[in-house]
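Analysis of the macromolecular model
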Amino acid sequence: MNGATAGGSAPGGPPTGGSAPGGPPTGGSTPGAAAPGGSAANASAPGNVAPSVRDELRAAVIDCARRMVSDGLVIGIAGNVSARDGDKIVITPSAHRYDTLRPEELCVVGPAGQPLDLPLRPSSELPMHLAAYQQTAAGAVVHTHSMFATAVATSCPELPAIHYAIGFLGGPVPVVPYATFGTRELADGLRAALADRPVALLQNHGAVAVGQDVEQAYDRARLLEWLAELYYRSSRLGSPRMLSPAELDAFDAQVAALSYGTNDWPAETSDPRGAEDPPGDDAPTGVETPRR
Ligand code: 13P
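These remarks concern the structure in this document. (Residues numbered from 1 in each chain as written. Predicted model: local features only at pLDDT ≥ 70, side-chain atom pairs only at ≥ 80, totals over all residues.)

Quick look at the overall build of the protein now. Regarding its fold elements, the protein presents six helices and nine strands. For the protein, with 292 residues in total, the buried portion stands at 43%. Within the protein, contacts between residues at least 6 apart in sequence are counted, and of these 72% link residues at least 24 apart. (Helix = DSSP H or I, 4+ residues; strand = E, 2+ residues; numbered from the N terminus. Buried ≥ 20, exposed ≤ 12 C-beta atoms within 10 Å, placed from the backbone. Contact = placed C-beta atoms within 7 Å.)

Right under this line is the structure:
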C-alpha cells in the first residue's frame, strides 16, 4: 500500500535555519536572507552554473504551498513543501510567506543536503525532507500543521482505521514521538514512520505526506486531515467502530480486483461495462478516485 519504497541511510542535512516556524498568522518573509554556506552555496552567483530544476516543478511547489494556506492546512508561514528532480531537491525557503514567494526564491540542494542554489535560507525542516527522500521513492514531500491531524497527533497514539479510505494511506497512521522542529531526531523519527506508510503524524506538531509527485503528496495530506477530522467528530458522538485488519485486507483486495484508482478495466472482466450487471447507456461510466 505504501506509495513510498523503503531503503536509505541517515539524512545528512546542512545546518538549518533558525527562524521560528509554526503558528504565527502574521509571519514575515525573509527577503534577502543570506544562504547558509555563504556565496559558495549559491550556484546562481556569477561564474557558477545554475542548477536546473524544471520550471513546472518550481511552479508545483509554490502552488502547493499556497494551497496549504488557502485550504487551511497551515496558517501564515507554517509548513513546507519540496519536490525531487532527479538528484536535486527543491524546497521552500524558511519562514517566507507563500503568497509572495517567487520560483527563483526556492532552494535547491543535493540528496544529502549539499547546497546547490540557496537564494534564501532553506526550510528548517530540510533534514526531515531529506530523510523522507532517503527512506522512500517519493517525488515530493508536504509538511502541514493541519488542525485535526495535529489534534490527533497530540492526543492519540495513532490515527486508527476510522474509514476505509485510510487504506489508501496504508492503514492506521502512526504518531512520531515529539522532537524539536528542524532536528535530526525529528527527521529520524519520520524516517521510521515512513518505512511502511506514505504519511505520518508528528506529535504536538503536524503531519507529513509523501507522494510520487506534489499533487499526490498534497492529496494525501488532505485525505489525512479529512480522516483525522472524521475521527475527531465520530469520537464526539460516542465510540466509533473501527475497521478490523481483515476488513482492511478486504479493502486492499477490492482495490486490486477493480484496479481502483486507475483507468484500467479489471483484468477478469471481458465486458468493459462490467461482467454481471452492465449499466444502462446513461449510467456513470466510471469512478473518480483518489490517487494512490
Ligand atoms: P520553515 O518555515 O523553516 O519551513 O518551518 C516551518 C515549519 O512548519 C517547521 O516545522
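Spatially, nine strands are ordered β4-β3-β2-β1-β5-β9-β8-β7-β6 in an open sheet, and the strand pairing comes out mixed. A single partner strand is all that each edge strand has here, and the edge strands are β4 (115–117) and β6 (158–159). Across four bridges, the pairing between strand β8 (residues 199–202) and strand β9 (residues 206–211) is antiparallel. Pairing of L202 across the sheet is with G206, part of β9. Contacts from helix α4 (residues 184–193) reach β7 (173–176), β8 and β9 within the one sheet, and its direction differs from that of β7 by about 165°. Where helix α5 (residues 214–237) meets the sheet, its contacts fall on β1 (80–85), β5 (140–144), β6, β7, β8 and β9, and the angle it forms with β9 comes to roughly 140°. (Pairing = 2+ DSSP bridges. Axes fitted to C-alpha atoms, helices over the stretch in contact; angles between N-to-C directions.)

To continue, consider unusual backbone geometry. One non-glycine residue, A95, adopts positive backbone phi at about 55°. Here A95 is to be found in the loop between β2 (88–91) and β3 (107–109). The class for A95 is buried, based on 25 C-beta atoms found within 10 Å. Even without a glycine there, the phi angle at N204 is positive, about 50°. A tally of 12 C-beta atoms within 10 Å means that N204 is categorised as exposed.

It is worth spelling out the environment of T180 at this point. For T180, the location among the structural elements is in the loop between β7 and α4. T180 sits in the exposed class, given 10 other C-beta atoms within 10 Å. In sequence terms T180 and N204 are 24 residues apart; their C-alpha atoms lie 9.8 Å from each other.

As a further point, take helix α6 (residues 245–258). Over its 14 residues, α6 runs 20 Å from end to end, which matches the ideal 20 Å to within 8%, given 1.5 Å per residue. S259 lies just past α6 and shows a positive phi near 50°. (Expected span 1.5 Å × (residues − 1).)

Now for the environment of G182. Position of G182 relative to the elements: it lies in the loop between β7 and α4. Placed 58 residues apart in sequence, G182 and S124 show a C-alpha to C-alpha distance of 4.9 Å.

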